[in-house]
Amino acid sequence: MGFKNIKTFNKKFSFLLAVIQIFFKSKCNFKTFFLNLRGYKSIKKSGMFNSKYYYEKNLDIKRKAIDPILHYIFHGFKEGRNPSSIFDGNYYLKKYPEVEKASINPLVHYLLYGQYENRQYKSIKSYKFKKEYKIILKSKKFDFSWYRKEYSEVEKMGINPIMHYLEYGAKKNFNPSFDFQTKWYIEKYLDVSNSMNPFVHYLLYGINEGKLPKPLNKNEVNDKYDEIIKVNDSSVELCSFNKNSPKISIIILTKDGINHLKRLFVDFEYKLQYPNYEIIVVDNGSKDETIAFLEKLSKKLPIKLLKYDVNKSFSEANNNATLISTGDYFLFLNNDMEPLYGWLNHMVQSILLSTDIGAVGSKLIFSYSKNQDTPFKTQHEGIAFMELNGYLEKNDGFIVPYNIKGNSPFRKVEDDLEMGAVLGACFLIKKEVFKEVGGFDESFFYNYEDIDLCLKLHQKGYKIVYSPKSVLFHYYEATRKGNNEHAIKDKIDLKNRKILYFKWNKLLRKILLKDKLNNDLIFSKRPLNIGIISEKKEISFKHETINDFGWETKFLKDSYSIPSTVDVIISNSSTYNPKNIKYNNKYLIKIALIDFNLEEWISNQYFNFYDFVITTDENIRNTLIKNYSKNTVLINEDIWHSIKSTIKDLIDSGYFN
């Protein structure tokens, strides 16, 4: 008999002995026997029993060489002993006295019933990884049997597999299952903190961010790729355009991008599903075979070639290309794209829906490559804006644009969506409109040109639309370049950010605030958030209307540490000093609610730090307006209508400039 067979036989024999002992310890009662047998199996499988821990805490059991799990099931829990540092049986019995009354082992009860009834258990305080343990256990992504088989030291140490991974395994690059590679994950994602277990990071953040647990093999990549193409093909709803349809000038910039261009132009005309177009390729001094490839391709496709000896900026090169175009619309397209069937057809459908649509963008999906952190996740589903301090300087209050990304490419969005902006990597705009707003601003160099153009369109009253049925793979790579290249790029990015900040930040402040006030969710993807600071547990005014507005409110326990997501605070405390607020939102609006004790309020110097006052008392309002020139609103019926109206008036008056 081979070694493996002997090992298997010993395991089966040990289990048979355990079954016999369970039967007799259950006093030959079949109902009790099956309950304890199920409990025994569940405990072994769960990993919530730690033999080493049980022996160390109970030396008398170790000396008797008793099966620790059996001892715990039948005797240990009654004697107040715990199965591991993960599960406090005494706490469980105290919290759920009916379990103790029924004489059911607490861990058996939790595993068979409690976890499905959302009952809570508690860890022993001394275990340093108790939070991480719960996260891993709850995920059900840790493979106990695989881990034991893969790493023999776990059985020898007699330690719970999850505990072993947390305390020893991760440091040795052990894997918690076949589907997660610890070393690869750490090396792949440099933003993973050294202080956090990599598997825990994946469970808490990585899954939602689209991070992979391990590299995909060639078949997995092809399957995923084919799946996205099939889903796209099944959702395409083509419009019957003809040769008299508006002419589209497709403008592509390239420099030494022969491989990108070869991929881009595969079945190009078939994927367009649009009959009237021209292609203008701007070459910024390529040294590879780009020119020869394009000249040969021009025999099949209507290509114009604009050649430069130097690398022109995105803005300048695209602007120059429009001068030689004959199209009614411009389609600006990155060279590192792989369009899917019907992509341009859908974009043209979208822009022709209304004369007030200024530009249309597409859904972009990250391709798979060794340097891409989130392959097969969406890179772009429109652009929104948020306040972000410390982006230029401390407390600068930069309204920064960001890609809506990281979602599944299969997330269904049937209709076009109005957005704050769309990415210039695939960007359709009418020729007349492009000229009306002055084209791309050539002050920018390969960043924010598209955002700037979208804001100019908004300023002229045009809408920006995201077309979810126009889909392209983007072979954008998050390559990790040398320090010198990073330093140059950072310097250029800082210049671009400053241009955007000084050109648009004041207007964006107003646009973003109005967007939140009206709950339009075009520029911001979160509603207005109001923090309430009160000496009482509640402020006595109606809350019904706020639900109609879509705003969020919360009572702030720590009244001086204001979360960055809070846009407005309302205080009814005369002793509250808004000057002492610690917050990251430079544009926080501060409102005083005064119903009495006006003298106490105005006697404090910090009273001037409030933006305006709301009150139900007409005398207070008149006094403040007459003697203190303070913006004061009299509330007749509904506080929320009053706040909305006042903030809107202050925006229009230029108060927030």
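Whatever comes next refers back to the structure up there.
Residues numbered from 1 in each chain as written. Predicted model: local features only at pLDDT ≥ 70, side-chain atom pairs only at ≥ 80, totals over all residues. Heavy atoms only, no water.

1. So, the pattern of salt bridges
Argument step 1. For the structure shown, the criterion picks out 24 salt bridges.
Argument step 2. The closest approach of N and O atoms between Arg526 and Asp567, which form a salt bridge, is 3.2 Å. Here Arg526, found in the loop between helix H23 (483-517) and strand S13 (529-533), pairs with Asp567, found in the loop between strand S15 (561-562) and strand S16 (568-571); they are 41 residues apart in sequence, far enough to count as distant.
Argument step 3. Classification of Asp567 by relative accessible area gives buried; the value is 4%.
Argument step 4. Taken together, the salt bridges that share partners define one network made up of Glu387, Lys516, Arg526 and Asp567. (Salt bridge = Lys/Arg side-chain N within 4 Å of Asp/Glu carboxyl O. Helix = DSSP H or I, 4+ residues; strand = E, 2+ residues; numbered from the N terminus. Buried < 20%, exposed > 50% of the residue type's maximum accessible area, 1.4 Å probe, protein only.)

2. Re the environment of Phe33
Argument step 1. Among the structural elements, Phe33 can be located in helix H2 (residues 30-46).
Argument step 2. Judged by its relative accessible area of 8%, Phe33 falls in the buried class.
Argument step 3. Linking Phe33 and Gln21, residues 12 residues apart in sequence, is a C-alpha distance of 9.8 Å.

3. Section: unusual backbone geometry
Argument step 1. Positioned with a positive phi, Asn519 is a non-glycine residue whose angle comes to about 55°.
Argument step 2. Along the chain, Asn519 turns up in the loop between H23 and S13.
Argument step 3. For Asn597, which is not glycine, the phi torsion reads 55° and is therefore positive.
Argument step 4. With respect to the secondary-structure elements, Asn597 resides in the loop between strand S18 (589-593) and helix H25 (598-602).
Argument step 5. By relative accessible area, Asn597 is classed as partly exposed at 37%.

4. Looking at empty space enclosed by the protein
In this approach the atoms are scanned with a rolling probe the size of a water molecule, which exposes any empty space left behind.
Argument step 1. Taken as a whole and judged by the stated rule, the model has one cavity of 30 Å³ or more.
Argument step 2. Taken as a whole, the largest cavity spans an internal volume of roughly 50 Å³.
Argument step 3. Lining of the largest cavity is provided by Glu387, Arg509, Leu512, Leu513, Lys516, Asp567, Asn585, Tyr587 and Ile589.
Argument step 4. Each residue belonging to the lining of the largest cavity can be placed in one class, and the counts come to four nonpolar, one polar and four charged. (1 Å grid on protein atoms, 1.4 Å probe; cavity = no way out; pocket = protein on both sides within 12 Å on 5 of 7 lines; lining within 4 Å. Points joined across faces, edges and corners; volume = space filled by probe spheres on them. Nonpolar A, V, L, I, M, F, W, Y, C, P; charged D, E, K, R; others polar.)

5. Focus: the sheet that holds S18
Argument step 1. Read across the open sheet, the six strands follow the order S14-S13-S16-S18-S19-S20; overall the sheet is parallel. In the strand order of this sheet, the two ends are held by strand S14 (552-555) and strand S20 (632-634), each with one partner. Neighbour-to-neighbour, the strand axes of the sheet open up by a mean angle of 25°, direction not taken into account.
Argument step 2. As defined by bridge partners, S13 adjoins S16 across four bridges and the pair is classed as parallel. Considered in S16, the bridge of Gly531 is made with Ile569.
Argument step 3. Helix-sheet contacts for helix H26 (residues 618-628) involve strand S19 (612-615) and S20, and the interaxial angle to S20 is about 160°.
Argument step 4. In this fold helix H27 (residues 639-652) packs onto S13, S14, S16, S18, S19 and S20, with an angle of close to 155° to the strand it touches most, S19. (Pairing = 2+ DSSP bridges. Axes fitted to C-alpha atoms, helices over the stretch in contact; angles between N-to-C directions. Contact = heavy atoms within 4.5 Å.)

6. Side note on the side chain of Asn335
Argument step 1. Turning to its location among the elements, Asn335 is positioned in the loop between strand S4 (329-333) and strand S5 (337-339).
Argument step 2. With a relative accessible area of 12%, Asn335 lands in the buried category.
Argument step 3. Of note is the side chain of Asn335, whose polar atom sits 3.0 Å from the side chain of Thr254.
Argument step 4. Not counting residues up to four positions away in its chain, the partners in contact with Asn335 are Ile252, Leu253, Thr254, Gly257, His260, Leu261 and Leu264. (Polar contact = N/O pair within 3.5 Å; in protein donor to acceptor, adjacent residues only side chain to side chain.)

7. Points about the pairing of strand S6 (residues 357-366)
Argument step 1. With 10 of 10 residues buried, S6 lies mostly within the body of the structure.
Argument step 2. Here nine bridges tie S6 to strand S12 (residues 463-474), and the two strands are oriented parallel to one another. Within the sheet, the bridge partner assigned to Val360 lies in S12 and is Val465.
Argument step 3. Pairing of S6 with strand S11 (residues 426-430), which is carried by three bridges, proceeds in the antiparallel orientation. Note on S11: the bridge partner recorded for Val360 is Leu428.
Argument step 4. Two elements, S6 and strand S7 (residues 378-380), share two bridges in a ladder whose sense is antiparallel. Along S7, the bridge assignment pairs Ile365 with Thr378.

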